[in-house]
Amino acid sequence: MTHTLPSLPYDVAALEPHIDTTTMQIHHGKHHQAYVDNLNKAIAGTDAENLSLEDLMKNITKYDAAVRNNGGGHYNHSLFWSVLSPNGGAPSDSLMAAINEAFGSLDGLKEKLNDAGAKRFGSGWAWLCVQNGKLVVCSTANQDNPLMPDLGCVGTPIFGVDVWEHAYYLNYQNRRADYLKAIWNVVNWAEVSKRFEAAL
Ligand code: MN3
């Protein structure tokens, strides 16, 4: 398949002041577009052209670094835009129950995920995943994700935070912790809840 850049489901300014307009424009229109273009180049003429993006992630060890980095970049950012929203609502009852069971409270989840994001040295992602019916938090380097085998961060990702500097540097400079704190104001809980049900 030829991969394409998904449209943002909200205006580039919609996540202000938590994520600024210029960051959204460059992050979506330049960074994500480049992952899509370079993925299409990297898989041209190979059997990876026949795989869905999800199946490509699950079989990523068969492919080279260009497919891994750009395929991961495309998958991760597509998920990221979908789990953000200017009017996010609240977790569904069943997701809230699973959050309470795994982390004690919603604040417990925030603390654990922010810690994972803060401790990721250099570039990567912090994830909330469903693993054998339970919620877990973990993080991956670069554009890796929990669908890729053998990473020690395993499961179906239902929420993820990009902690590459390109995700926050214009607004937050070196203050990654402030960005991580702010992102909880723009979580699309309806979408995260939907992904939770689908992953069970
Ligand atoms: Mn990014």
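Everything numeric in this text was worked out from a predicted model, so none of it was measured. (Residues numbered from 1 in each chain as written. Predicted model: local features only at pLDDT ≥ 70, side-chain atom pairs only at ≥ 80, totals over all residues. Heavy atoms only, no water.)

Participant: Lay out the side chain of Asn-188 in plain terms, naming residues and giving numbers.
Facilitator: In this structure, Asn-188 sits in the loop between helix H7 (176-183) and helix H8 (189-199). By relative accessible area, Asn-188 is classed as buried at 17%. (Helix = DSSP H or I, 4+ residues; strand = E, 2+ residues; numbered from the N terminus. Buried < 20%, exposed > 50% of the residue type's maximum accessible area, 1.4 Å probe, protein only.)

Participant: A description of the packing of aromatic side chains should follow, citing residues and the corresponding values.
Facilitator: Going through the model one piece at a time under the given rule, you end up with seven aromatic pairs. A ring pair is formed by Phe-159 and Trp-184, whose centres lie 5.4 Å apart and whose planes are at 40 degrees; its orientation type is tilted. One end of the pair, Phe-159, is in strand E3 (residues 156-162); the other, Trp-184, is in the loop between H7 and H8, and 25 residues separate them in sequence. Looking at Trp-184, the relative accessible area reads 10%, which means it is buried. An aromatic cluster is present here, built from Phe-80, Trp-81, Trp-125 and Trp-127 joined pairwise through their rings. (Phe/Tyr/Trp six-rings, centres within 6.5 Å; stacked < 30°, edge-to-face > 60°.)

Participant: Tell me about the domain arrangement of the protein chain, residues and numbers included.
Facilitator: The assigned domain composition of the protein chain is domain 1 (21-82) and domain 2 (93-199). Just the C-alpha atoms count here: the centres of domain 1 and domain 2 sit 19 Å apart. On the domain 2 side, the residues contacting the 21 residues of domain 1 number 24 residues. Taken together, both faces of the contact between domain 1 and domain 2 bury some 1800 Å²; the carbon and sulfur share is 61%. Broken down residue by residue, the surface that domain 1 buries against domain 2 is led by Asn-76, Leu-79 and Phe-80, which jointly contribute 29%. Our count for the domain 1 to domain 2 interface comes out at one salt bridge. (Domains from an automatic or database assignment. Contact = heavy atoms within 4.5 Å. Buried area = accessible area lost by both parts, 1.4 Å probe. Salt bridge = Lys/Arg side-chain N within 4 Å of Asp/Glu carboxyl O.)

Participant: Kindly report on the state of the cysteines, identifying the contributing residues and their values.
Facilitator: Going through the model one piece at a time under the given rule, you end up with one disulfide. Paired by a disulfide, Cys-138 and Cys-153 hold their sulfur atoms 1.9 Å apart. Between Cys-138 and Cys-153 the sulfur-sulfur dihedral comes to about 60 degrees; the bridge is accordingly right-handed. Taken together, the residues span a long stretch of sequence, with Cys-138 in strand E2 (residues 134-141) and Cys-153 in the loop between E2 and E3 at a distance of 15 residues. Residue Cys-138 shares its accessibility class with Cys-153, and that shared class is buried. With no disulfide of its own, Cys-129 lies 4.1 Å from the sulfur of Cys-138, the closest cysteine sulfur. (Disulfide = S-S within 2.5 Å.)

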